[in-house]
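Each chain, written out:
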Amino acid sequence: VQLQASGGGLVQSGGSLKLSCVASRDIVNSNLMGWYRQTPGKQREAVVLDATGGNTVYSDFAKDRFAVSRNSARNLFFLEMTRLKSEDTGVYFCNYRYYEGARLRTFWGQGTQVTVSS
């Protein structure tokens, strides 16, 4: 499975962006999708993890500002980011995981740059 992330760009502080991630193949019914980011000088960190069945966990910095959603029929998932801050600047990656038997399959998108100007 290949993931293609898009939607990043340059936005002013307080603005919004909506990131998209499309999978090259049909998404399996039971899966975990996530958005991660790597901000300057820091390791990659989770933004949100979203499991089928509606179990979603946001990192503290993402709560009340970011929202994850899906269009499973089109193999799409999204991250809508509002009230962006300069510290949100970084590369955002989508991630898709599922179990194939006992084997965990993990796929990453290539990343999309988000730059928030103050």
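Up top is the structure.
The notes below deal with the structure included here. (Residues numbered from 1 in each chain as written. Predicted model: local features only at pLDDT ≥ 70, side-chain atom pairs only at ≥ 80, totals over all residues. Heavy atoms only, no water.)

Some details on the overall build of the protein
And then number 1: A count of helical and extended segments in the protein gives zero helices and 11 strands.
And then number 2: Across the protein, helices and strands are ordered from the amino to the carboxyl terminus as β-β-β-β-β-β-β-β-β-β-β.
And then number 3: Counting over 118 residues, the protein shows a buried share of 42%.
And then number 4: Across the protein, every contact between residues at least 6 apart in sequence was considered, and the portion connecting residues at least 24 apart equals 51%.
And then number 5: For the protein, the exposed area adds up to about 6,400 Å²; of that, 46% sits on carbon and sulfur atoms.
And then number 6: Between the centroid of the 14 positive side chains of the protein and the centroid of its 9 negative side chains there is a distance of 4 Å. (Helix = DSSP H or I, 4+ residues; strand = E, 2+ residues; numbered from the N terminus. Buried < 20%, exposed > 50% of the residue type's maximum accessible area, 1.4 Å probe, protein only. Contact = heavy atoms within 4.5 Å. Areas by Shrake-Rupley, 256 points an atom, 1.4 Å probe, with all protein chains shown as cover. Lys, Arg positive; Asp, Glu negative; His and termini not counted. Charge placed at Lys NZ, Arg CZ, Asp CG, Glu CD.)

Some points on the environment of Ser 69
And then number 1: With respect to the helices, strands and loops of the structure, Ser 69 is situated in strand S7 (residues 66–71).
And then number 2: When its relative accessible area of 31% is taken as the criterion, Ser 69 is described as partly exposed.
And then number 3: Distance from Ser 69 to Arg 25, taken between C-alpha atoms, is 18 Å for residues 44 residues apart in sequence.
And then number 4: Not counting residues up to four positions away in its chain, the partners in contact with Ser 69 are Phe 77 and Phe 78.

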